[in-house]
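# Fold and geometry: a report
Residue strings, one per chain:
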Amino acid sequence: MESLGIDPKLLIAQAVNFAIFFILFSRFIAKPFMQFLHKERKLEEERQDLSNTLKKKEEEYVTKEKKMRQEMKKELDSVLQQARIDAEQIKKEMIQQAQSEADIIIDRARKQIEEEKASLYKDVKNQSADLSILLINKALKNYLNEETQKKLTQYILSNATKEAH
Amino acid sequence: MKIDPKIKQELEHYLQDQLHNQKQFVTIVSAIPLQQAEQIELIKAFPQFKDMKLIYTTDPTLLAGVVIKFGTKMIDLSLKSELQSLKQLIYESA
C-alpha cells in the first residue's frame, strides 16, 4: 500500500472523516432538506390541486353562467314574446272597445238625428196645419156673410135632424 | 185635511141643486141669432129639449152652426169645431 503511495492511516482517517461527514450530512443537512423538499412538493401538489379545483370550479361557473345567460335570454325572449302577445291582445281589445263605443255613439247620433228629423217634420206639419186652419178660418171669416152663415147653420141643423131620425 | 161631514153634505146638496137647475136649462150658442124656423128645426132634431127652457146666445167665432150645452153635456155642431177636428186629423196623420 505504501508502495502505491497510499497511507492507510490517512485512508482510515479520511474514511472516518467521510463517515462522520456522511452521518452529519445525512442527519443534519440531507434529512431536513429532504423534508423541506417533501414539504414543498406536498405544498406544490396542494397548490396544484387547489388550482385544478379552482379551474374546475371556474369552468363550472363559466358553464353555469353561460347556461344561466342562455336561460335568462330564453326567459327574456319568452317574457318579451308574452308581452308582445299581451300587448297585441290589449291593442285588439282596445280597438274593439273603441269600435263598439264608436258604433254606439254613431247609433245614438243616428237615432237622435232621426228623432230630431221626425220631431222637425212633425213640427213643420203641425205648423203648416195651424197655418192652413188659420188661413181657412180667416178666409171663411171674410167669405161668410150673414146670409151664408144662415144657410150653413140651416144645413147643419137639417143634417142633425136627419141624423136624429 | 178632513172636511166636516155637515159641510160636505151641504155642498153635495148645493151641487145637486145646481146640476138639477142646469138640467132644466139648455143654452144654444150660434154664430148669428137663430130665426124661428131654425129654432123649430133644432127642436125637431133634439126633441128632448122640448119641455126645457132654451137660452139663445151668439158667438161670432163659431163661424156657423150651433153649440148646445145642457147640464154637464155639450153638443158641438159648429164650423169652428169642424175646423178643429180637421186640424186634429192633420196632427194625428203625422
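Being a predicted model, the structure only gives us computed values, none of them experimental. (Residues numbered from 1 in each chain as written. Chains lettered and ligands numbered in written order. Predicted model: local features only at pLDDT ≥ 70, side-chain atom pairs only at ≥ 80, totals over all residues. Heavy atoms only, no water.)

## A word on the overall build of chain B
Of regular secondary structure, chain B possesses three helices and four strands. Overall, chain B shows an N-to-C arrangement of helices and strands of α-β-α-β-β-β-α. The proportion of buried residues among the 94 residues of chain B is 28%. Put simply, 63% of the contacts in chain B that link residues at least 6 apart link residues at least 24 apart. (Helix = DSSP H or I, 4+ residues; strand = E, 2+ residues; numbered from the N terminus. Buried < 20%, exposed > 50% of the residue type's maximum accessible area, 1.4 Å probe, protein only. Contact = heavy atoms within 4.5 Å.)

## Comments concerning the overall build of chain A
If you tally the helices and strands in chain A, you get two helices and zero strands. Looking at chain A residue by residue over its 165 residues, the buried ones come to 7%. Total accessible area on chain A stands at roughly 15200 Å², and carbon and sulfur atoms take up 60% of it. (Areas by Shrake-Rupley, 256 points an atom, 1.4 Å probe, with all protein chains shown as cover.)

## Describing the confidence of the model for chain B
Averaged over all residues, the pLDDT of chain B equals 86, while 96% of them reach at least 70. The ipTM, which scores confidence in the relative placement of chains, is 0.71 for this predicted complex, and the corresponding pTM is 0.52. (pLDDT = per-residue confidence, 0-100.)

## Here we look at the sheet that holds strand 3 (residues 65–70) of chain B
Residues and elements named next belong to chain B. Here we have four strands laid out as an open sheet, ordered 2-1-3-4, and mixed in their pairing. Each having just a single partner strand, strand 2 (53–58) and strand 4 (73–78) make up the two edges of the open sheet. Ignoring strand direction, the axes of neighbouring strands in this sheet form an average angle of 15°. Sheet analysis places strand 3 next to strand 4, joined by six bridges and oriented antiparallel. In the sheet register, V66 faces strand 4, and the bridge partner there is L77. Across the sheet, helix 2 (residues 36–45) touches strand 1 (25–30), strand 2 and strand 3, and the angle it forms with strand 2 is around 125°. (Pairing = 2+ DSSP bridges. Axes fitted to C-alpha atoms, helices over the stretch in contact; angles between N-to-C directions.)

## Quick notes on the side chain of Q149(A)
Along the chain, the position of Q149(A) falls in helix 2 (residues 146–164). Those residues in contact with Q149(A) that lie beyond four places of it in its chain are L144(A), A31(B), I32(B), L63(B) and A64(B).

## Concerning the packing of helix 1 (residues 8–143) of chain A against helix 3 (residues 79–92) of chain B
Between helix 1 of chain A and helix 3 of chain B, the shortest axis-to-axis distance is 9 Å and the interhelical angle comes to 160°. Judged on the interaxial angle alone, helix 3 of chain B and helix 1 of chain A are roughly antiparallel. Two packed elements cross with a definite hand, and for helix 1 of chain A against helix 3 of chain B that hand is right-handed. Between helix 1 of chain A and helix 3 of chain B, the residues in contact are K125(A), N126(A), A129(A), D130(A), I133(A), I136(A), N137(A) and L140(A) and L79(B), L83(B), L86(B), K87(B), I90(B) and Y91(B), respectively. The residue inventory of the contact of helix 1 of chain A with helix 3 of chain B, partitioned by class, reads nine nonpolar, two polar and three charged. (Parallel < 35°, antiparallel > 145°, perpendicular 65-115°, else oblique. Left-handed = near helix turned anticlockwise from the far one by under 90°. Nonpolar A, V, L, I, M, F, W, Y, C, P; charged D, E, K, R; others polar.)

## Quick notes on the nonpolar core
Counting residues in hydrophobic clusters, the biggest one holds twelve residues: L157(A), A160(A), V26(B), I28(B), L34(B), L42(B), A45(B), F46(B), F49(B), V66(B), I68(B) and F70(B). Breaking this core down by element, the ones donating at least two residues are helix 2 of chain A together with strand 1, helix 2 and strand 3 of chain B. Counting residues per element, this core draws most heavily on strand 3 of chain B, at three residues. (Core = buried A, V, L, I, M, F, W, Y, C linked by side-chain atoms within 4.5 Å.)

## Thoughts on the interface of chain A and chain B
Between chain A and chain B, the contact holds 24 residues from the first and 22 residues from the second. Contact between chain A and chain B buries roughly 2200 Å² in total, counting both sides, with carbon and sulfur atoms accounting for 74%. For the interface between chain A and chain B, the tally reads one salt bridge. For D130(A), the salt bridge is made with K87(B), and the minimal N-O distance between the two is 3.3 Å. Counting every contact that joins chain A to chain B gives five residue pairs in polar contact (both at pLDDT 80 or more). (Buried area = accessible area lost by both parts, 1.4 Å probe. Salt bridge = Lys/Arg side-chain N within 4 Å of Asp/Glu carboxyl O. Polar contact = N/O pair within 3.5 Å; in protein donor to acceptor, adjacent residues only side chain to side chain.)

## So, the pairing of strand 1 of chain B
All names here are of chain B. In this structure, strand 1 lies alongside strand 2, joined through six bridges in parallel fashion. Bridging from a neighbouring strand, T27 pairs with I55 of strand 2. Taken together, strand 1, helix 2 and strand 2 form a β-α-β motif whose crossover is right-handed. The pairing of strand 1 with strand 3 spans five bridges and is classified as antiparallel. (Right-handed = clockwise from strand over helix to strand, strands pointing away.)

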